[in-house]
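Summary of the model geometry
Spelled out, the chains give:
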Amino acid sequence: LKHAESRGLDPDWVYSVIRQESAFMPAAKSPVGALGIMQIMPATAKLLSRSMRTRAPSLQQLLEPDRNIDMGTYFLKQLSDQFDGNIVLATAAYNAGPGRARAWQPDVTPAPGDIWIETIPFKETRDYVKNIVTYQAIYRHLLGRNVALSRSVAAIPPKYGSETAAR
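Criteria and cut-off values
- Residues numbered from 1 in each chain as written.
- Predicted model: local features only at pLDDT ≥ 70, side-chain atom pairs only at ≥ 80, totals over all residues.
- Heavy atoms only, no water.
- Axes fitted to C-alpha atoms, helices over the stretch in contact; angles between N-to-C directions.
- Helix = DSSP H or I, 4+ residues; strand = E, 2+ residues; numbered from the N terminus.
- Parallel < 35°, antiparallel > 145°, perpendicular 65-115°, else oblique.
- Left-handed = near helix turned anticlockwise from the far one by under 90°.
- Contact = heavy atoms within 4.5 Å.
- Nonpolar A, V, L, I, M, F, W, Y, C, P; charged D, E, K, R; others polar.
- 1 Å grid on protein atoms, 1.4 Å probe; cavity = no way out; pocket = protein on both sides within 12 Å on 5 of 7 lines; lining within 4 Å.
- Points joined across faces, edges and corners; volume = space filled by probe spheres on them.
- Phe/Tyr/Trp six-rings, centres within 6.5 Å; stacked < 30°, edge-to-face > 60°.
- Buried < 20%, exposed > 50% of the residue type's maximum accessible area, 1.4 Å probe, protein only.
- Core = buried A, V, L, I, M, F, W, Y, C linked by side-chain atoms within 4.5 Å.
- pLDDT = per-residue confidence, 0-100.
- Polar contact = N/O pair within 3.5 Å; in protein donor to acceptor, adjacent residues only side chain to side chain.

**Observations concerning the packing of helix 6 (residues 87–96) against helix 9 (residues 123–142)**
- In the contact formed by helix 6 and helix 9, the axes pass within 9 Å of each other and the chain directions differ by 130 degrees. Regarding the angle of helix 6 to helix 9, the classification is oblique. You can see that helix 6 and helix 9 cross each other, and the crossing is right-handed. Contacts between helix 6 and helix 9 involve I87, V88, T91, A92, Y94, N95 and A96 on the former and, on the latter, E124, T125, Y128, V129, I132 and Q136.
- Class assignment of the residues belonging to the contact of helix 6 with helix 9 gives a composition of eight nonpolar, four polar and one charged.

**Details of the layout of surface pockets**
- Estimates place the volume of the largest pocket at around 540 Å³.
- Lining the largest pocket are 23 residues, with E21, A34, Q39, Y94 and N95 sitting closest to its centre.
- Elements supplying a minimum of two residues to the lining of the largest pocket: helix 2 (11–22), helix 6, helix 7 (98–104) and helix 9.
- Broken down by element, the lining of the largest pocket gets its largest block of residues, four residues, from helix 6.
- Taken together, the residues of the lining of the largest pocket break down into 13 nonpolar, seven polar and three charged.

**Thoughts on the packing of aromatic side chains**
- Using the criterion set out here, one finds four aromatic pairs in the structure.
- For the pair W104 and F122, a centre-to-centre distance of 5.2 Å together with 80 degrees between the ring planes defines the contact as edge-to-face. You can see W104 sitting in helix 7 and its partner F122 sitting in the loop between helix 8 (113–119) and helix 9, a full 18 residues away along the chain.
- The buried category is assigned to W104, whose relative accessible area is 17%.
- One aromatic cluster is present, formed by Y15, F24 and Y139 through successive ring pairs.

**Description of the nonpolar core**
- In this structure, V17, M38, L76, Y94 and W116 are the most contacted members of the largest nonpolar core, which totals 40 residues.
- Those elements giving two or more residues to this core turn out to be helix 2, helix 3 (42–52), helix 5 (65–82), helix 6, helix 7, helix 8 and helix 9.
- Counting residues per element, this core draws most heavily on helix 6, at seven residues.
- When residues no more than four places from it in sequence are discounted, the contact partners of L76 are L9, W13, V14, V17, M38 and Y94.

**Comments concerning the confidence of the model for the protein chain**
- For the protein chain, the average pLDDT comes to 93, and 95% of its residues sit at 70 or higher.
- Contacts of residues 163–167 to residues separated by more than four positions or lying in other chains number one contact, the stretch itself having pLDDT below 50.

**Details of the side chain of S16**
- Note on placement: S16 falls in helix 2.
- For S16, the side chain forms a polar contact with the main-chain oxygen of D12, separated by 2.6 Å.
- For S16, the residues in contact, after removing those within four places along its chain, are I132, Y135, Q136 and Y139.

As structure tokens, then:
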């Protein structure tokens, strides 16, 4: 909650990512090397630490919940900003990388978020995003907030602005 609030992120989104990534297990280690409660790859941690102007964490430090969540929420904030606050795109980017999420955006016409999710070509990422949307509803309820799923599946904006579409 502390890190979500300090970054201006919805706590339900952060809780949902943590639930999906590690089921809140601080010592989680993935087969591909992602570590900690938010499953951060060591190479990503190095890049994030440069951007955060902090020392790169050791593998053991990356397993510390506070450090891991600090870095994970920093990354979520970067992705949210990169995708103009579109949580669906940012969530897909957290799982599959920002380049892929951007490539999957419609070219010139916005797409309904729920339909766009179904078109994500990677089953793992498609299921990941669906799970995050579901968990968000649960955490919103637990936090006493409006559960409306429409908040989670906002329209996916096109890669190119309306000026491109008019040409």
